[in-house]
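Here are the chains, one letter per residue:
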Amino acid sequence: MLRHVAALIEIGWLVMGLTGCSRIQQGAGTGTKLISRADGFRVESSQIALECGHDLGLRVFLKKNDEWTTISSTGELPAVTSLRSDGREYSKLALLASASLEPAASTPFGEKQRVHAEAQDPLHELAVTLDLDFPTRYPNVVVITSSVKNLKPQSVTLDEINQARLVLSPGFSPKTPDETLFWSLQGGGYKWGGDFILPVHANFTQDNYTGPKGKANGGGIPFVDLWRPETGVAAALLEPKPPLAWLPVTLTTEGQAQVRITTHPSVVIPSGESYTAAPVMVVVHERDFYDPMVRYRQLMSDLGVPPINHFEPDDYTAAWCTWGYQRTFTIQDIDQKMAQMKTMGMKELILDDGWFDRFGDWEPTRKKFPRGESDMKALIQRVHDQGLTFRLWWSPGSADPGSTIDKQHADWFILDKDGQREKASWNAYYLCPAYKPVQDSTRALVERFVKWWGVDSFKIDGTDLNHAPLCYNPAHHHARPEESFEQWADLFREIRETAMAIRRDFRIELCPCGITPTYQLGTAFEQPVTSDPSDTQVTNRVKFLKAWFGPSAPVLEEYVGLLGQKEPNGKPYEFRAELFPRAIGTGAVVSTFSPVLNESHAQWTATYNKYRLAEGEYLNLYDIGWDNPEGHVIRKEQKLYYGFFTRVPGEEFNGKITLHGLSPGHYRVTDYMQNRTIGEVAGPDPVISSSFRDSLLLMADPVAGPGK
């Protein structure tokens, strides 16, 4: 019987091949075209095309200069969707018949054209339905939804589903083991200071798990992107809640990159019933990760999970932070800095870690505030009297041993399967965000800080803030242990809503300490931060956060002009004024925690305040991976501002630079960092010769014509 089913499938495809090779269906008024062929089908939309084989192997194409281009492998491909059920792998699936093009319909992503295809395994045990949606307003996107039907007479357990299984080729064999084959964005949140925008080479592997990672940090975004100079492909899971998902990227010795999105539903499917997985997004694109990350933000917003995108003028003000002293600052240090800040045009004072006694209690330490809250409120009042705003460092969601919570509310903590508390940052342990007493206590703290102390904004910071572990505490009566993980971002939204109920202009910065942020946290804060970047990470993290929050997002860069602090490896910081142009030229908000504020700080802060490019519109016109030098451009009013940077700060560049984004017409180009005129150019895409060390900041101002 099973052999007969397989034979009938093959006969159906053979008949199609003998009776006409292909059949074309055209979507009404959309430009979407489905071509059914003997070996599968091809779908073409305005910018994206897919080829799906009889075995469900998928290739993706981008229309570029009116021609289709791809980095999909030309070799044998795995099925785009595969399964594991009751411990058995179902990776060999075959189309049952030709796909169909359905009429346009409305979805959360707007009007779309849908291609519907059905497949099953040769043993007739499980069937898979693929719905390929092509949203009209996202012309380079396909949204793939996989449904699994149980054809067995008894129930089955779906252990695992793999979606968006793709194989990408660099188009050549690597000559050396460390040769860059693709640039990539890897979405998993791992260790402090790690790269998540990086070149990859043969034998690279990373599983990009977005759940808790034990001793690693955890969380992240279910998004990966690999790109070559000619095109790129990104894949992401469109799940409104923070998902427990894997997006492994592995490269073979030959450089073939394998990508997939894996979840473990562990659901029971009765006979004849179906399970539908969360949809996945596949995007084809030019240049780097920026455009597909924008698409991910747009699609997630359509699903009701938009990042904060309303910003106030104070979000763009220059700041100074006490962290340059680490935890050794004194109140006298702060008082002395206020006058300097005011003179230099800084407006926000950030009181960083070191002001409190214990996590959980959050009482001002008597070593610095002898009268406790009274001294804290007096400091905040002095800050306000200077015309400055006050930002308080805080790391909610955890408590120290010996704290009041530890002594009186032991039931508030997250427990693992063995009944042990889950470790958070520093010496603290996680509190459960899905437990009402924790929620109530957190709201009370916000009211205390904002209503009674007069705090203007929070800096919420810590390596544990990207996620919460699964909670098995029986006192919490969770329906599922994943509730703590899924509701972590809800706790931060409550913080924001509680603060804004007291004062509508309250603002929040969230720093997950040098790892890929969890996407859902973006619904809870206004000011993203580059989050402990190394010198080479400053510019790419600014670009990433502009893609996530919007082209005018007030991305904070705190690591400018550092002096006198030890890095984690013991190497002392040097004064690095070169990080100022890297922040300004990418549209970031400048901030510093240098214990010394000198003339260079004053000059660069004045430059930032003069142009305030962070309020401009970031334009994605350069590839952060493959272009040399690295380029960025900000549009503000009628002018374009360019930032060009060497890969490593301090290196030299000598060569040609193209000014992308200029319309036809004439422009006066000025090096506004050096206050010198470069000359006039005619758009579009003029080429200039340049020689610089580290950075070059240019302004292109339209003029009426040559010499005018």
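Quick notes on the rules
- Residues numbered from 1 in each chain as written.
- Predicted model: local features only at pLDDT ≥ 70, side-chain atom pairs only at ≥ 80, totals over all residues.
- Heavy atoms only, no water.
- Helix = DSSP H or I, 4+ residues; strand = E, 2+ residues; numbered from the N terminus.
- Rg over C-alpha atoms; globule rule 2.2 N^0.38 Å.
- Buried < 20%, exposed > 50% of the residue type's maximum accessible area, 1.4 Å probe, protein only.
- Lys, Arg positive; Asp, Glu negative; His and termini not counted.
- Charge placed at Lys NZ, Arg CZ, Asp CG, Glu CD.
- Pairing = 2+ DSSP bridges.
- Axes fitted to C-alpha atoms, helices over the stretch in contact; angles between N-to-C directions.
- Core = buried A, V, L, I, M, F, W, Y, C linked by side-chain atoms within 4.5 Å.
- Contact = heavy atoms within 4.5 Å.
- Expected span 1.5 Å × (residues − 1).
- Polar contact = N/O pair within 3.5 Å; in protein donor to acceptor, adjacent residues only side chain to side chain.
- Left-handed = near helix turned anticlockwise from the far one by under 90°.
- Nonpolar A, V, L, I, M, F, W, Y, C, P; charged D, E, K, R; others polar.
- Salt bridge = Lys/Arg side-chain N within 4 Å of Asp/Glu carboxyl O.
- Phe/Tyr/Trp six-rings, centres within 6.5 Å; stacked < 30°, edge-to-face > 60°.
- Lys NZ or Arg CZ within 6 Å of the ring centre and 35° of its normal.

Caption draft 1: Representation of the overall build of the protein. Summing up its helical and strand segments, the protein has 11 helices and 43 strands in all. For 708 residues, the compact-globule formula gives about 27 Å, and the C-alpha radius of gyration of the protein, at 27 Å, lands near that figure. Dimensions of the protein, computed from C-alpha atoms along their principal axes, come out at roughly 85 × 75 × 45 Å. Looking at the 708 residues of the protein, the share that counts as buried comes to 59%. Computed over 72 positive and 87 negative side-chain charges, the separation of the two mean positions in the protein equals 2 Å.

Caption draft 2: Inspection of the sheet that holds strand E40 (residues 665-671) at higher detail. Sheet architecture is open: 6 strands sit in the order E36-E37-E38-E43-E40-E41, paired in antiparallel fashion. Each edge of the sheet is formed by a strand with only one pairing partner; in this case those strands are strand E36 (617-619) and strand E41 (676-683). The mean angle between the axes of side-by-side strands here comes to 25°, regardless of whether they run parallel or antiparallel. Here 6 bridges tie strand E38 (residues 639-645) to strand E43 (residues 695-703), and the two strands are oriented antiparallel to one another. The residue bridging Gly 643 from the neighbouring strand is Leu 697, located in E43.

Caption draft 3: Examining the pairing of strand E42 (residues 687-693) more closely. Every second residue of E42 is oriented toward a common face, the buried set being Ile 688, Ser 690 and Phe 692 and the non-buried set Val 687, Ser 689, Ser 691 and Arg 693. In terms of strand pairing, strand E39 (residues 652-658) meets E42 through 7 bridges, oriented antiparallel. The residue of E42 that forms the bridge with Gly 655 is Ser 690.

Caption draft 4: Region of the structure containing the nonpolar core. Formed by 132 residues in total, the largest nonpolar core has its most connected members in Trp 355, Phe 390, Phe 449, Phe 458, Phe 492 and Phe 544. Among all residues touching Phe 449, those that are not within four sequence positions of it are Trp 355, Trp 362, Leu 392, Trp 394, Gly 454, Val 455 and Phe 458. Core analysis: the next-biggest nonpolar cluster, separate from the first, contains 60 residues, Leu 181, Val 249, Val 282 and Val 284 among them.

Caption draft 5: Summary view of the sheet that holds strand E28 (residues 389-394). Ordered by their spatial adjacency, 8 strands build an open sheet running E33-E32-E31-E28-E27-E26-E35-E34, and the pairing between neighbours is parallel. Two strands close off the open sheet at either side, each with one partner strand: strand E33 (527-528) and strand E34 (556-557). Here 4 bridges tie E28 to strand E31 (residues 457-461), and the two strands are oriented parallel to one another. Bridge assignment links Leu 392 to a residue of E31, and that residue is Phe 458. Each of strand E27 (348-351) and E28 touches helix H4 (residues 373-385); the most contacted strand, E28, lies at about 140° to it. Seen against the sheet, helix H6 (residues 436-453) touches E28 and E31 and runs at an angle of roughly 155° to E28.

Caption draft 6: Helix H8 (residues 488-502), seen in detail. Spanning 15 residues, H8 covers 22 Å between terminal C-alpha atoms, matching the ideal 21 Å at 1.5 Å per step. Those residues of H8 not exposed but buried are Trp 488, Ala 489, Leu 491, Phe 492, Ile 495, Arg 496, Thr 498, Ala 499 and Met 500. Contacts from the buried residues of H8 go to E28, strand E30 (429-430), H6, E31, helix H7 (483-486) and strand E32 (507-511).

Caption draft 7: Quick peek at the environment of Thr 322. Its place among the elements puts Thr 322 in the loop between strand E26 (319-321) and helix H3 (331-344). C-alpha separation for the pair Thr 322 and Tyr 672, spaced 350 residues apart in sequence, amounts to 30 Å. For Thr 322, the contacting residues outside a window of four places in its chain are Phe 329, Ile 334, Ile 350, Leu 351 and Asp 352. Among the polar contacts made by the side chain of Thr 322, one reaches the main-chain amide nitrogen of Asp 352 at a distance of 2.8 Å.

Caption draft 8: Local environment of the packing of H6 against H8. Running from N to C, H6 and H8 cross one another at 35°; their axes reach a closest spacing of 9 Å. Here H6 runs over H8; the crossing is right-handed. The residues of H8 that touch H6, namely those facing Gln 439, Thr 442, Arg 443, Val 446, Glu 447, Val 450 and Lys 451, are Leu 491, Glu 494, Ile 495, Thr 498, Ala 499 and Ile 502. A per-class count over the contact of H6 with H8 returns 6 nonpolar, 3 polar and 4 charged.

Caption draft 9: Focus on the pattern of salt bridges. Under the defined criterion, the tally for this structure stands at 46 salt bridges. A salt bridge links Arg 327 to Asp 353, with the nearest nitrogen and oxygen atoms 2.8 Å apart. Remark: Asp 353 occurs in the loop between E27 and H4 and Arg 327 occurs in the loop between E26 and H3; sequence separation between them is 26 residues. The exposure class assigned to Arg 327 is partly exposed, which follows from its relative accessible area of 37%. Through salt bridges with shared partners, one network takes in Lys 33, Arg 37, Asp 39, Arg 42, Glu 44 and Glu 51.

Caption draft 10: Quick look at the packing of aromatic side chains. The tally for this structure, following the rule as stated, stands at 40 aromatic pairs. Where Trp 488 meets Phe 492, the ring centres are 5.2 Å apart and the plane angle is 70°; that geometry is what we call edge-to-face. You can see Trp 488 and its partner Phe 492 sitting in helix H8, 4 residues apart, about one turn around the helix. The same class applies to Trp 488 and to Phe 492, which are both buried. Stacked on the ring of Trp 68, the Lys or Arg Arg 42 has its end atom at 5.6 Å from the ring centre. Over the face of the ring belonging to Tyr 429 we find Lys 423, whose NZ or CZ atom lies 5.8 Å from the ring centre.

Caption draft 11: Representation of the pairing of strand E10 (residues 100-107) in the model. Pairing of E10 with strand E11 (residues 110-120), which is carried by 6 bridges, proceeds in the antiparallel orientation. The partner of Ser 106 across the bridge, within E11, is Glu 111. Hairpin connection from E10 to E11: 2 residues lie between these consecutive antiparallel strands.

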